[in-house]
Structure formats: C-alpha cells, structure tokens
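Coordinates in review
The lines below spell out each chain.
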Amino acid sequence: MNNIVAIVGRPNVGKSTLFNRLIQRREAIVDSVSGVTRDRNYGKSEWNGKEFSVIDTGGYVRGSDDVFEGEIRKQVELAIDEADVIIFVVDVEEGITPMDDIVARLLRKVKKPVLLAVNKVDNAMREKDAIEFYNLGLGDYYTFASISGSGTGDLLDAVIEAFPVKPEPTQEEIALPRFAVVGRPNAGKSSFINALIGKERFMVTDIAGTTRDAIDTKFDRFGFEFNLVDTAGIRRKAKVKEDLEFYSVMRSVRAIEHADICILIIDATRGFEGQDQSIFWLAEKNRKGVVILVNKWDLVEKETMSTRDYEAKIREELMPFTDVPILFVSALTKQRLLKALEATVQVYENRQQRIATSKFNEYMLKVIEAYPPPATKGKYVKIKYCMQLPTKTPQFVFFANMPQYVKEPYKRYLENKIRENWDLSGVPIDIYIREK
C-alpha cells in the first residue's frame, strides 16, 4: 500500500514546481503510453527505493481575500484527511504572510507528520532569512530551492523517515482479491454495494457525496469471495463544480491503489463524463483491472439510445484501451448485478493468468512473421523470442535486434494480437521491446 504525501501552502510559493520535481524522475517511464491524460494533481515518486504518491493540493484558491481562507482550509483539510505526510511549503522571499499563519494554525492541530519546507533558498543570505519561520510553531524547517533542486534530497530523506510503519497484510488479506467501487458522486456506488451485500451498510441519499469513509466489506455470497472497498465516497467538499471534479479524483486515488480491480460506476442519465474518464485513466495508469457498470439504466428512455449505441460511445472515449467489459445495471432494481460480479471476477482471473512461454512464442512469432515491424532507414527489425514476465500484472517482453526502431503503433498491433488470442479483457497490459 503506497504512502501518500500532500503538498500544501498558499498559492505561488512553488508547490507545483516541487511536485514536478518529485514526479519527473518516473513520469517519462510511467507515461510512455499515448493518450494518458495527465492529471496535474497526482503523481508517483520514488526516493531511496521507497515509492509514494504525491498530491499537489495546489492553487485551489480562488476569489477574493475573504474566500481565500475558506478555500485554503478546504485544501489543507483534504490533505490532512488523505495524506500520511504533509509538506507545508513557504516562500523565503515573502517571509511569513497572514495566509501562511492560517495554514500553520490548521497544521498545528494535526497528529500527522508535518514538514515545513522553505522554498527559494539558494544562497547563504537567504539561509539566514529562513530563521523567521520558527515563528510558525511547526519546529524545524528544511530549506530548498525547487527550481534548481538544491536541498530537496534532505527534504525527501525526512519524508521517507516520517512515513508511518504500516503492518504487513495478513495471509488472508493477500489471498482475497480486492475490488474497489469508484465513480463520481451520486452515481450509485453505495446503492450498488448495499444491493450486493443485502443490507443497508451505507447511507444512501439523493445528495451527492454522502459516504464518508473508505469501508472494507468482506463479501462472501453466491460462491464469490472478495473484499469490497467503497471509495471513501468520493466526498463532496465544496459546492464549487471544479473543486468537486478535483476532489472526487483525489478521493479515488487511495481506493484505486489499494485494489486489484476497479468497478467504475457511471450514471446512465449523465453519460461518460470528464470525471469518469479521469478516474478510468487513473486506474489504467496504476495498471488495475477495470469493469465499467452503467448504473440507473432503468431510468433511461430506451427507444432513443439502445445499449449498443451507448456502449460504442463509451468505447470511443476509451481509445486506445477499449477492451473493457461494459455492463448495464440498476442497483435499485438489482438488474444484472450478478452478471456484473461475474464479469469482475473474470477480469481478476484474466489479470492473474500466466501464458506458457512455448505457446506464447508459437502464436506470436507467426503473427510477427505475417506482419513484421516496418523497416526504418533500410534496417529490418527481427523479433525472435518473446515471453510473459513474472509480474503481478500482465507484462510481455519481445527480444529484437534493434528495439529502438519498434514504434508505438507496432506495440499496439502486438497488444491487439495478444488480446485476440487470450482473454485479457479489462486488464491493461505492458509491452516491452528489449535487445536480445
């Protein structure tokens, strides 16, 4: 389970620069996939072999001065709820401002580790100026300059040290697959879980965002056994529309990282919106299996939009990762709920499957022979051997004489051929071309 680090502070102190610096090391590798919508508020970072997620609660401060306080408070509260460690960024050029005081006042009450990071310290004079930040009452501070990166090493060492020690999961927890129910507010996540479990475990109202905490529910009925995670009901923190988008995606982060398969519930009456897509790409980026359930199907006028048109429309939005099961359900009337469970369990099994190297080579080498990688600059790429890597999610490696000439479209062709022959529906797969 990943630790989460939140970066807070008033606008324009360099939070996002620090955020970019933290995630840039891996950004290039993780997103060598085309069409990954980069979410500017969430990324993964790694330091001294420890991986963690970073949330930039940046610049969610709008409006006039009196609104500032409320906005900052919301932003800091979100970070306090979600994160394991909080980095509070201040600016040495401007010293302590009233806004910094407001944030510090909130952070002093927090039981979690708070690291005070003084930005823009790039010479000895400014080192002296930084002393005034002891007045914030948050103890020692770390000086750094996010533009040049000096001092970020010490800050990261402190971050890693401050992570809470998490208990190792028990054997039973490891054995049971974890399914997370994610989606935008009021899409019917809790109704879906209540319908499955058969008891009213969650408050269900028409008001968006009534679920409060991530609750794990062990499910053992109809011959299925797994853990259900509700997404800490992507909670509605603000009435402001933009913020709702931001918060709901942030709320899903933890649930998605925690799960094996994400059940993305979308509201049939609203369609597949930007927020649903953000959550979908978040799951895809984390290499989790995905099942899409179109809920409230009983409310849609059937003549206008048959399931086929609706499904085609969703798949168009999902390009290039379209091999995802899409089911039309109704949590209220319990229509097709068991089918949805079967599909989810099937995706879980697809994600676990191992393909024998001999069979894989036998099929794939014929495919490659029929349509070899296009020649570049008169050089022919030959692929002679391939195999599945022993990883948690399906990853395949192809050994070629000149891997640098195998481009993205050809990798997609290979992926499509793998999907044609083996059932990997709902599972993102990685393809690597290596030198033989």
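Here is what the cut-offs are and how they apply
- Positions within a chain are numbered from 1, following the residues in the order the chain's sequence is written.
- Where totals are concerned, whole chains, interfaces and linings use all residues; where local detail is concerned, this predicted model gives features only for residues with pLDDT of at least 70, and gives and counts side-chain atom pairs only at 80 or more.
- Side-chain metrics rest on all non-hydrogen atoms present in the structure, leaving aside hydrogens and water.
- A strand pair is defined by DSSP finding two or more bridges across the two strands.
- Put simply, DSSP marks the helices as runs of H or I at least four residues long and the strands as runs of E at least two long, and each gets a number from the N terminus on.
- Orientation is described by axes fitted as lines to C-alpha atoms, over the contacting stretch for helices, and by angles from 0 to 180 degrees between their N-to-C directions.
- The contact rule is simple, with two residues in contact once any of their heavy atoms fall within 4.5 Å.
- Buried Ala, Val, Leu, Ile, Met, Phe, Trp, Tyr and Cys residues form a nonpolar core when they are joined through side-chain atoms within 4.5 Å.
- Summary of the burial criterion: residues with accessible area below 20% of their type's maximum are buried, those above 50% are exposed, and those between are partly exposed, where the area comes from a 1.4 Å probe applied to protein chains only.
- For every domain, the bounds stem from an assignment made automatically or drawn from a database.
- For this analysis, a salt bridge means a side-chain nitrogen from Lys or Arg found within 4 Å of a carboxyl oxygen belonging to Asp or Glu.
- The scheme is simple: roughly parallel for angles under 35 degrees, roughly antiparallel for over 145, roughly perpendicular for 65 to 115, oblique for anything else.
- Handedness of a crossing follows from how the near helix is turned relative to the far one, being left-handed for an anticlockwise turn of less than a right angle and right-handed for a clockwise one.
- As a working rule, the residues Ala, Val, Leu, Ile, Met, Phe, Trp, Tyr, Cys and Pro are called nonpolar, Asp, Glu, Lys and Arg charged, and the rest polar, with Gly in that last group.
- Between 30 and 60 degrees the pair is tilted, below 30 it is stacked and above 60 it is edge-to-face, where a pair is any two Phe, Tyr or Trp rings, Trp via its six-membered ring, whose centres lie within 6.5 Å.
- Think of it like this: strands point away, you trace from the first strand over the helix to the second, and a clockwise trace means the crossover is right-handed.

Focus: the sheet that holds strand β13 (residues 383-388)
Spatial strand order, β13-β14-β15: 3 strands in an open sheet with mixed pairing. In this open sheet, the two edge strands, each paired with only one partner strand, are β13 and β15 (430-435). Neighbour-to-neighbour, the strand axes of this sheet turn through a mean angle of 20°, independent of strand direction. Strand direction decides the pairing type here: β13 and strand β14 (residues 395-400), joined by 5 bridges, are antiparallel. For Gln388, the partnering residue across the bridge sits in β14 and is Phe396. Strands β13 and β14 of the sheet are contacted by helix α12 (residues 357-370), whose axis makes an angle of about 140° with β13. Each of β13, β14 and β15 is contacted by helix α13 (residues 408-421), which is oriented at about 120° to β15, the strand it contacts most.

Examining the nonpolar core
One recurring pattern in soluble globular proteins: nonpolar side chains tend to sit buried together. Ranked by size, the top nonpolar core spans 52 residues in total, and within it Phe88, Leu107, Phe280, Ile292, Val294 and Ile314 carry the most contacts. Taken domain by domain, the makeup of this core includes at least three residues from each of domain 1 (3-162) and domain 2 (178-352). In this view, Phe280 contacts Leu264, Phe272, Val290, Ile292, Leu318, Phe321 and Val324; residues no more than four positions away in its chain are not counted. In terms of nonpolar packing, the next biggest core, distinct from the first, is built from 28 residues, Ile197, Phe219, Ile263 and Leu327 among them.

Section: the environment of Pro320
When you line up the elements, Pro320 lands in the loop between α10 (307-318) and β12 (326-328). In this structure the C-alpha to C-alpha distance between Pro320 and Arg412, which are 92 residues apart in sequence, comes to 8.6 Å.

Brief notes about the pattern of salt bridges
In total, this model carries 12 salt bridges according to the counting rule given. As a salt-bridge pair, Lys296 and Asp267 come within 3.4 Å of each other at their nearest N and O atoms. Placement of the pair is Lys296 in the loop between β11 (289-295) and α10 and Asp267 in strand β10 (residues 261-267), with a sequence separation of 29 residues. No difference in accessibility class separates Lys296 from Asp267, as the two residues are buried. Between Glu284 and Arg287 there is a salt bridge; the shortest N-O distance is 3.2 Å. Side by side, Glu284 and Arg287 carry an identical accessibility label, which is buried. Overlapping salt bridges bring together Glu93, Asp122 and Arg126 as one network.

A few points about the packing of α12 against α13
Taken N-terminus to C-terminus, the directions of α12 and α13 make an angle of 135°; their axes are 11 Å apart at the nearest point. Here α13 runs oblique to α12, going by the angle between their axes. In this structure, the crossing between α12 and α13 has a hand that is right-handed. From α12, Phe360, Tyr363, Met364, Val367 and Ile368 reach across to α13, where they touch Tyr410, Tyr413, Leu414, Lys417, Ile418, Glu420 and Asn421. Here the contact of α12 with α13 is built from residues that sort into 9 nonpolar, 1 polar and 2 charged.

Notes on the packing of aromatic side chains
On inspection of all chains with the given rule, the structure shows 16 aromatic pairs. Here the aromatic rings of Phe360 and Phe396 are separated by 4.9 Å at their centres, their planes lie at 25°, and the arrangement is stacked. Highlighted residues: Phe360 in helix α12 and Phe396 in strand β14, separated in sequence by 36 residues. With respect to burial, Phe360 and Phe396 carry one shared label: buried.

A few points about the side chain of Glu415
Among the structural elements, Glu415 can be located in helix α13. A relative accessible area of 18% places Glu415 in the buried class. Excluding anything up to four places from it in sequence, Glu415 contacts Ile429 and Ile431.

Some details on unusual backbone geometry
A cis amide bond, omega 0°, links Met319 with the succeeding residue Pro320. The backbone phi angle of Lys120 is positive, close to 70°, even though this residue is not glycine. Lys120 sits in the partly exposed class, given a relative accessible area of 24%. Here Arg287, not a glycine, exhibits a phi torsion of approximately 60°, which is positive. By the secondary structure assignment, Arg287 is in the loop between α9 (274-285) and β11.

As for the pairing of strand β5 (residues 114-119)
In terms of burial, β5 is a largely internal element, 6 of the 6 residues being buried. In β5, alternate side chains face the same way, and those of Val114, Leu116 and Val118 on one face and Leu115, Ala117 and Asn119 on the other are all buried. Summarising the sheet, strand β4 (residues 85-91) and β5 pair through 6 bridges and their orientation is parallel. When the bridges of β5 are listed, Phe88 appears paired with Leu116. A crossover connection joins β4 to the parallel β5 through helix α3 (residues 98-108); in handedness this β-α-β unit is right-handed. Relative to strand β6 (residues 141-143), β5 is paired through 3 bridges, and the arrangement is parallel. Bridging from a neighbouring strand, Leu116 pairs with Tyr141 of β6. As for the winding sense of the linkage, the β-α-β connection from β5 through helix α4 (residues 124-129) to β6 is right-handed.

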